[in-house]
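# Descriptive structure summary
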Amino acid sequence: MTKNRRRLGALVLLLLAGLAASVLMFQITDYGPGVSPDSVIYIETARNLLAGDGFYIEQRPMTHFPPAYPLLLAVAGLLQHGDILQAGRLLCAFFFGANVVLFGLAVQLSTEYSWSATICSILFFLCSAPIFSIHSMAWSEAPLIAFTLAAYILVSLYIVRPRRHVLLAVSLCVGCAMATRYLGVTLLPPIILGLLLTDRPLKHKISESFLVVIIASLPLATWLIRNIMTTGKATSRSFAVHLFGLPHAAQLIGTMYDMFLPISLPGWRKILQLGVAGILFLMTLALLRNKYHIEHYIRRHAGAVHIVLPALCVAFFITYISSLVISISFFDAFTPLRHRILLPALLAITVAGISSAWSLSSALASRRVWYAFVLFVSLSAIINGTRSLDTMVNTYRNGNGYTSQQWQSSETIAAVQSLPTDMEIYSNGQDVIQFLTGRAASFVPPTAFPGTLQRNLGFEEELQTICGKVTEGKAVIVYLNGIPWRWYEPTQEEVKSKCSLEILASLDDGTIYAQQQAQTEPGTGLP
């Protein structure tokens, strides 16, 4: 098979895999995309955009997230007659297929269009339960991954063969990534470093870097200026010191381990295995450096895409993780280091890992290294595939998040919907109540602020205000059982100990509290 035919065949295989992935995702998400608390913000903002109200949620400017994903939902919603959930479903399907292609293309470019590497990349992506779950949700991670992979593919091609239109495309991709998630700014340092390390004249390197920074930063800068003008703050996050610690590191390592080899092991064993694997890899490179001329191999191919692209991916991984450490330490302590947050960096390091195994095999002129790596990927795909299949089947049968059957058939949600229209609602699940019923609701005041870990000094006063409204028959307090992650909300026992509450309705999935007299009001439909 000639080189051009091999390339064409590998590309066709990728495109077919991407098309199949999109169709699969669309069919599986029959209940709509998965909806989480963050998804509610995206969806409500998109609905307000279509209504002509701008980037607002609950009549307040939306600043917690950048604008790109709500905007994508709104644009896709125009094609679905304003149905934002169906728009989200279309985006899930599109980006799942697109990211299969982009991830596979990155691996192809990093392995000189190796068929076995292409198949490995497709298996890894499609057999991963975390990857599928993230792409099935109405989240901004899928477009962020697409913009990230596209940016690094394009910039590696530009470094090898500079063309101005490619550099402009890189700038647009980075700009879109930054306007999708604030962490998108981590794309810039590796790209600027890559441009500055080329052998082009210094004047050209500086002008190229300046062009990328200006164009890429323009959308996010415009958004931040808008936020400052409307709310007085660039984002909804506040500065506070809550340093990255051992629990964060353990969660980071556990997530990385689970991504590649999801076998149930104690945390210390995962750390030990990852550490040993890293040390062995570094020792192997050091011992074989002179004997097999790996250094000469890298020098000889230094300007090739299959060296440049993995190097950029490694730099991105380091920059991304470092930025998360800084963010957790000073801006948002409630950032969970789970698959959703880490996936862009994990996919980048996977590209670098596949490329390293392939390049090491080529440098040593031995296929054993590559065959051993393919065996590991196959083992990982088999283990991951079982979980992924279970996840797909469950999503198809039951849905995901707030669009799942569990929430759609919730007795407590149905009871809330039948409350008098002038009744104020306070709950630990304000977002799901508003999403499923369309009724306005407010959160029970938190005992602490999750982003800063600081105590809510006004908690007692705020809770007493709510209790007063409940006593007057103007409000109810709703506690939903299916929301275990809001540790910062007071428990039902804490609220009952501070307020004279009676149970208006005790249901399988929640409890509604009110004063006794509220039970006799007509039209509640409650026991």
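Residues numbered from 1 in each chain as written. Predicted model: local features only at pLDDT ≥ 70, side-chain atom pairs only at ≥ 80, totals over all residues. Heavy atoms only, no water.

## Topic: the sheet that holds strand β5 (residues 475-480)
Pairing within the open sheet is mixed, and its five strands lie in the order β4-β3-β5-β7-β6. Two strands lie at the open edges of the sheet, namely β4 (442-443) and β6 (502-507), each paired on one side alone. Each of β3 (424-427), β5 and β7 (510-514) touches helix α20 (residues 459-471); the most contacted strand, β5, lies at about 115 degrees to it. (Pairing = 2+ DSSP bridges. Helix = DSSP H or I, 4+ residues; strand = E, 2+ residues; numbered from the N terminus. Contact = heavy atoms within 4.5 Å. Axes fitted to C-alpha atoms, helices over the stretch in contact; angles between N-to-C directions.)

## A short note on the environment of M423
Mapped onto the secondary structure, M423 falls in the loop between α18 (411-417) and β3. A relative accessible area of 7% places M423 in the buried class. Distance from M423 to A440, taken between C-alpha atoms, is 9.7 Å for residues 17 residues apart in sequence. (Buried < 20%, exposed > 50% of the residue type's maximum accessible area, 1.4 Å probe, protein only.)

## Some words on the pattern of salt bridges
In this structure the tally under the stated criterion is 13 salt bridges. With its nearest N and O atoms 3.4 Å apart, the salt bridge here joins D258 to R387. Of this pair, D258 sits in helix α11 (residues 246-260) while R387 sits in helix α16 (residues 367-398); the two residues are 129 residues apart in sequence, bridging distant segments of the chain. Assessed through its relative accessible area of 16%, D258 is described here as buried. Here K498 makes a salt bridge to E460, at a shortest N to O gap of 3.1 Å. Remark: E460 occurs in helix α20 and K498 occurs in helix α21 (residues 492-498); sequence separation between them is 38 residues. Under the relative-accessibility criterion, K498 is labelled partly exposed at 31%. Here the salt bridges do not stand alone but share partners, grouping D38, E141, R181 and R340 into one network. (Salt bridge = Lys/Arg side-chain N within 4 Å of Asp/Glu carboxyl O.)

## Side note on the state of the cysteines
Counted by the stated rule, this structure contains one disulfide. There is a disulfide in this structure between C467 and C499, and the S-S distance comes to 1.3 Å. Placement of C467 in helix α20 and of C499 in the loop between α21 and β6 is noted, with a sequence separation of 32 residues between them. Of the two residues, C467 and C499, both sit in the buried class. Looking at the unpaired C176, the closest cysteine sulfur is the one in C173, lying at 6.6 Å. On the basis of relative accessibility, which here comes to 32%, the residue C176 falls in the partly exposed class. (Disulfide = S-S within 2.5 Å.)

## Section: the pairing of β3
Summarising the sheet, β3 and β5 pair through four bridges and their orientation is parallel. Counted as the bridge partner of S427 is V478 from β5. By the bridge criterion, two bridges tie β3 to β4 in an arrangement that is parallel. Considered in β4, the bridge of S427 is made with F443. Handedness of the crossover is the feature at issue here: the chain leaves β3, passes through helix α19 (residues 430-437), returns alongside β4, and the resulting connection is right-handed. (Right-handed = clockwise from strand over helix to strand, strands pointing away.)

## Section: the side chain of T148
Structurally, T148 is set in helix α7 (residues 141-160). T148 sits in the buried class, given a relative accessible area of 4%.

## Re the packing of helix α5 (residues 115-126) against α16
Direction vectors running N to C along α5 and α16 enclose 25 degrees, while the axes themselves pass 7 Å from each other. On the basis of their axis angle, the class for α5 and α16 is roughly parallel. By crossing handedness, the relation of α5 to α16 is classed as left-handed. Together, S116, A117, C120, L123 and L126 of α5 and W370, V374, V377, A381, S388 and M392 of α16 make up the contact between the two elements. Taken together, the residues that form the contact of α5 with α16 break down as nine nonpolar, two polar and no charged. (Parallel < 35°, antiparallel > 145°, perpendicular 65-115°, else oblique. Left-handed = near helix turned anticlockwise from the far one by under 90°. Nonpolar A, V, L, I, M, F, W, Y, C, P; charged D, E, K, R; others polar.)

## Focus on a nonpolar patch on the surface
On the surface, F239, V241, L243, I326 and F331 cluster together into a nonpolar patch covering about 540 Å² of accessible area. By the secondary structure assignment, L243 is in the loop between α10 (202-231) and α11. (Patch = residues over 30% accessible without salt bridge, like charges linked within 9 Å, V, L, I, M, F, W, Y side chains within 5 Å. Areas by Shrake-Rupley, 256 points an atom, 1.4 Å probe, with all protein chains shown as cover.)

## Quick word on the confidence of the model for the protein chain
Across the protein chain, the average pLDDT comes to 88, with 90% of residues at 70 or higher. A low-confidence stretch, residues 290-299 stays under pLDDT 50, and its non-local contacts, those more than four residues away or across chains, total 15 contacts. The low-confidence segment residues 518-525 (pLDDT under 50) makes 13 contacts with residues lying over four places distant or belonging to another chain. (pLDDT = per-residue confidence, 0-100.)

## Focus: unusual backbone geometry
We note that E58 has phi near 55 degrees; this positive angle belongs to a residue other than glycine. Tracing the backbone through its elements, the reader meets E58 in the loop between β1 (56-57) and β2 (60-61). Of note in the backbone geometry, L453 takes a positive phi value of approximately 65 degrees without being a glycine. Of note, L453 is situated in the loop between β4 and α20.

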